[in-house]
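# Remarks on the overall topology
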Amino acid sequence: KGKFQYNLQFHTKQYTLCSFDYFSHFFSPSLQMFLAALSFAYFSKALSGSYMKSTITQLERRFDIPSYLIGVIDGSFEMGNLLVIAFVSYFGAKLHRPKIIAMGCVLMSLGTFLIAMPHFIIGREALDVSMWAYVFLGNVLRGIGETPVQPLGISYIDDYARPENAALYIGCVQTISIIGPVIGYLLGSLCAKIYVDIGYVDMETITITPGDARWVGAWWLGYLIAGTITLTSAVPFWFLPKSLPVPVEKHDASCTPEQTRFIKDSPSAMEHKFRPEEPTNFRQMAKEFVPALKSLLGSPVYIIYLCVTIIQFNSLIGMVTYKPKYIEQHYGQSASKANFLMGMINIPAVALGMFSGGVVMKKFKLGIMGAAKFAFGTSLLGYFLSLFFLAMGCDNAKVAGITMSYTGVEGLSYHERALFSECNSGCLCSGKDWDPVCGENGITYVSACLAGCTSATGTGRNTVFGQCRCLALTKAGSRYTNLTASLGHCPIRDSCDRMFPYFLFLSVITSFIISLGGTPGFVLLIRCIKPELKSLALGVHTLATRTLAGIPAPIYFGAIIDTTCLKWGNTKCGGRGACRIYNTTAYRMVYLGLTLGLRTVAFFLCILGFALLQRYVRQEEKTALANGDVEVESDSLRKEEGNSVLHCDKFVCALNCRETRL
């Protein structure tokens, strides 16, 4: 009896020391609250990031800069990440993660506001093209602020969620975050319809339309909205604790074996306990950083995973960055419509695919090899379907002096002198201007002057040019008759209109299939390394992909796309500005060819990755079997002590323990 009372007092005391906070579990912030806050943060950062992608064409035209320079601006986000990602991921995991995420959200919002500043500084006239530096710096600040959100947020979930639920929770967070790009592209579509200087000019005097290559939408407006939303997302994290209830399935060395045994052996199978907060020792953390990094980079499976994802991300980032522009240039759609289609069709397919991937992981309880095979299979199927995009091409637009001669003979010309002909030789036209008109013969001319027009009627967008002599060269028997031309490009051909819906359908299918492997692939990353290296592994992974994919991909994709330009605009200082028209056939081949070529290289690396992963799994199985004997001995010790804690177990059973659910 005396021995039993002693054991009861001992275990009750130890339980109080280790997990007294468990009684306040239902009165403290839960995992659900963190999931909601993290989902909102993911949503806000995805919204501002996708809005940046949607304004690429607008920024290119506003500042009169080529595509490769737009790629530099787009990659500046990753440059910001590069500055701090490794240290934030490692040291942040040992500090107050929710508050660090909150500070990151505040920095993101400040960067987003800074991007919009040039509009209020330069006003209506973009005299200094160098003002794009504000956009560059603002995007760098956004990158710095975004750094802690993913590695610290995902590791926080994986630490405090049950192992079988972690994949579903991560999938849910990533799925909710996909709503951000949907709203971001829709916001981009709305702002692209609004003229950049709305409220300062009489719209009746504007002669261009949203479909014109010179149209600039109200790009700045969306950044103000996105910055406000991002600032709001920081609020919940300030009120969340450093730690949350830990599932008992995850061994915690902070409790003694006696303490852990008491909690695990209770009949109610208590599902959670609190991890005590330890004082921060920066000196010790710094000493452990280099050995931890060496241990991480010494894993062959992790290195191959990094190489594959870096190549895949090069393909993905380059493709996504210039996809709206590809839709504009190849299928003749406006920037507003291209962004609308990205937001309403492509992004929801990606969201559904990522969520479905998480559900498959949970339902079929896929292990490491199962997740790897599933991710590889979906990616390979999407790759084969993407090959059909190469056949969905449109011919070049008919532009006199660029894609065809003035007499109607098709042929590309890269020389300015090809813009001049006998029909406009006496008009003293400039070959540097880009003010297109559509002739009634269905051919676009670079300007009314180069079309040989000598009269005009109407005002604004309703202006009609008459006596256009160059139009007569393509009409037999109507030489120098009164042929007219209207402002803007000629519409695209019916054959291209019929091809566009098939392009959209295939785009949705491939986006869904490839996204199915997103969540399993991400879970594979955090499950093939040591638990204590999860945050560092996520940080290094983010650092590597953004350094070697996020930064260079938009730049070299943009530089290669620039090589297909047929007609460049000019800045106010006389320098080369933004491209006005591309060789659509060459654009399609370099854009799709580069995207698919990179993915081909990644698949070959996956073969080596599978071999290394199988060896890793076998080693883990052997280790688990070796540890099995030790667990059997521990179980026998627990049984011997079971009678001593009988009354304590009944007391613990009275607690209303519930599984944390999303």
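Residues numbered from 1 in each chain as written. Predicted model: local features only at pLDDT ≥ 70, side-chain atom pairs only at ≥ 80, totals over all residues. Heavy atoms only, no water.

It is worth spelling out the overall build of the protein at this point. Check the secondary structure of the protein and you find 21 helices and nine strands. A separation of at least 24 residues holds for 79% of the contacts in the protein among residues at least 6 apart in sequence. Working note: accessible area of the protein is about 29000 Å², and carbon and sulfur atoms make up 64% of it. (Helix = DSSP H or I, 4+ residues; strand = E, 2+ residues; numbered from the N terminus. Contact = heavy atoms within 4.5 Å. Areas by Shrake-Rupley, 256 points an atom, 1.4 Å probe, with all protein chains shown as cover.)

Positionally, Pro520 belongs in helix 17 (residues 518–527). We classify Pro520 as buried; its relative accessible area is 0%. Residues within four places of Pro520 in sequence aside, it is in contact with Gly357, Met361, Ala371 and Phe374. (Buried < 20%, exposed > 50% of the residue type's maximum accessible area, 1.4 Å probe, protein only.)

On to empty space enclosed by the protein, then. Empty space among the atoms becomes visible once a probe the size of a water molecule is rolled across them. Taken as a whole and judged by the stated rule, the model has six cavities of 30 Å³ or more. Estimates place the volume of the second largest cavity at around 60 Å³. Every residue lining the second largest cavity is listed: Thr57, Glu60, Arg61, Ala213, Lys325, Glu328, Gln329, Ala578, Cys579 and Arg580. Mapped onto the lining of the second largest cavity, the elements with two or more residues apiece are helix 3 (56–62), helix 13 (300–331) and strand 9 (576–582). Residues of the lining of the second largest cavity, tallied by class, amount to three nonpolar, two polar and five charged. (1 Å grid on protein atoms, 1.4 Å probe; cavity = no way out; pocket = protein on both sides within 12 Å on 5 of 7 lines; lining within 4 Å. Points joined across faces, edges and corners; volume = space filled by probe spheres on them. Nonpolar A, V, L, I, M, F, W, Y, C, P; charged D, E, K, R; others polar.)

The subject of this paragraph is the packing of helix 13 against helix 18 (residues 534–550). Contact geometry for helix 13 and helix 18: axes closest at 9 Å, N-to-C directions at 40°. One way to sum up the angle between helix 13 and helix 18 is to call them oblique. Crossing geometry of helix 13 relative to helix 18 is assigned as right-handed. Contact residues: helix 13 offers Tyr302, Tyr305, Leu306, Thr309, Ile310, Phe313, Asn314 and Ile317, while helix 18 offers Ala537, Val540, His541, Ala544, Thr545, Leu548, Ala549 and Gly550. Split into classes, the residues belonging to the contact of helix 13 with helix 18 amount to eleven nonpolar, five polar and no charged. (Axes fitted to C-alpha atoms, helices over the stretch in contact; angles between N-to-C directions. Parallel < 35°, antiparallel > 145°, perpendicular 65-115°, else oblique. Left-handed = near helix turned anticlockwise from the far one by under 90°.)

Once that is clear, we can look at the packing of aromatic side chains. One pass over the full model with this rule turns up 24 aromatic pairs. When the ring of Phe34 is compared with that of Phe237, the centres are 6.1 Å apart and the planes differ by 80°; the resulting orientation is edge-to-face. Residue Phe34 is found in helix 2 (residues 31–54), and its partner Phe237 is found in the loop between helix 10 (219–233) and strand 1 (245–247); the two are separated by 203 residues along the sequence. Residue classification places Phe237 among the buried positions, given a relative accessible area of 0%. Relative to Phe503, the ring of Tyr331 has its centre 4.9 Å away and its plane inclined at 40°; by these criteria the two rings are tilted. With Tyr331 in helix 13 and Phe503 in helix 16 (residues 494–516), this pair connects stretches of sequence that are 172 residues apart. The same class applies to Tyr331 and to Phe503, which are both buried. Lys45 extends its terminal NZ or CZ atom over the ring of Tyr42, reaching a point 4.7 Å from the ring centre. Looking at Arg576, its charged tip hangs above the ring of Trp568, at a distance of 3.8 Å from the centre. (Phe/Tyr/Trp six-rings, centres within 6.5 Å; stacked < 30°, edge-to-face > 60°. Lys NZ or Arg CZ within 6 Å of the ring centre and 35° of its normal.)

Residues Met103, Val235, Trp238 and Phe239 make up a contiguous nonpolar surface patch of roughly 440 Å² in combined accessible area. Relative to the elements of secondary structure, Phe239 occurs in the loop between helix 10 and strand 1. (Patch = residues over 30% accessible without salt bridge, like charges linked within 9 Å, V, L, I, M, F, W, Y side chains within 5 Å. Salt bridge = Lys/Arg side-chain N within 4 Å of Asp/Glu carboxyl O.)

The next point concerns the packing of helix 18 against helix 19 (residues 552–562). Between helix 18 and helix 19, the least distance of the axes is 5 Å, while the angle of their chain directions is 15°. As judged from the angle between their axes, helix 18 and helix 19 are roughly parallel. Here helix 18 contributes Thr547, Leu548, Ala549 and Gly550 to the contact with helix 19, which in turn contributes Pro552, Ala553 and Pro554. Classifying every residue of the contact of helix 18 with helix 19 by side-chain character gives five nonpolar, two polar and no charged.

Moving on to the environment of Gly145. Residue placement: Gly145 occurs in helix 6 (residues 132–146). Gly145 sits in the buried class, given a relative accessible area of 0%. In this structure the C-alpha to C-alpha distance between Gly145 and Cys105, which are 40 residues apart in sequence, comes to 5.8 Å. If near-sequence neighbours (up to four positions away) are discounted, Gly145 is found in contact with Gly104, Cys105, Leu107 and Met108.

What the second largest pocket holds in volume is close to 970 Å³. Considering the residues around the second largest pocket, the lining is formed by 33 residues, among which Ile368, Arg527, Cys528, Ile529 and Tyr616 are closest to the centre. Those elements giving two or more residues to the lining of the second largest pocket turn out to be helix 8 (163–177), helix 12 (282–297), helix 13, helix 14 (335–363), helix 15 (368–386), helix 17 and helix 20 (584–640). Here the element with the most residues in the lining of the second largest pocket is helix 20; it accounts for five residues.

What follows concerns the nonpolar core. Judged by nonpolar contacts, the single largest core of 84 residues is most densely connected at Phe34, Ile157, Phe237 and Phe503. Per-element accounting of this core gives the leading share, twelve residues, to helix 13. Aside from chain neighbours lying at most four places away, what touches Phe503 is Lys323, Tyr326, Ile327, Tyr331, Phe389 and Met392. In this structure, Tyr51, Ala116, Val135 and Tyr223 belong to the second largest nonpolar core, which totals 28 residues. (Core = buried A, V, L, I, M, F, W, Y, C linked by side-chain atoms within 4.5 Å.)

Once that is clear, we can look at helix 10. In a regular helix each residue adds 1.5 Å, so 15 residues correspond to 21 Å; helix 10 covers 22 Å between its end C-alpha atoms and thus fits that length. Looking at the packing, one finds that the buried side of helix 10 touches helix 2, helix 3, helix 5 (97–122) and helix 9 (179–193). (Expected span 1.5 Å × (residues − 1).)

Quick look at unusual backbone geometry now. With phi around 50°, Asp64 is a residue other than glycine that occupies positive phi space. Relative to the helices and strands, Asp64 is located in the loop between helix 3 and helix 4 (67–92). By relative accessible area, Asp64 is classed as buried at 16%. One non-glycine residue, Lys365, lies in the positive phi region at around 50°. The residue Lys365 is located in the loop between helix 14 and helix 15 in this model.

Our focus in this paragraph is the sheet that holds strand 6 (residues 464–466). The antiparallel open sheet is built from five strands, whose spatial order is 4-3-7-6-5. The open sheet has two free edges, formed respectively by strand 4 (444–445) and strand 5 (455–457), since each of these has just one partner strand. Two strands pair when backbone bridges link them, and strand 5 and strand 6 are joined in this way by three bridges, in the antiparallel orientation. Note that in strand 6 the partner of Thr457 across the bridge is Val464. (Pairing = 2+ DSSP bridges.)

Everything listed here is a matter of coordinates, which is why it stays silent on function.
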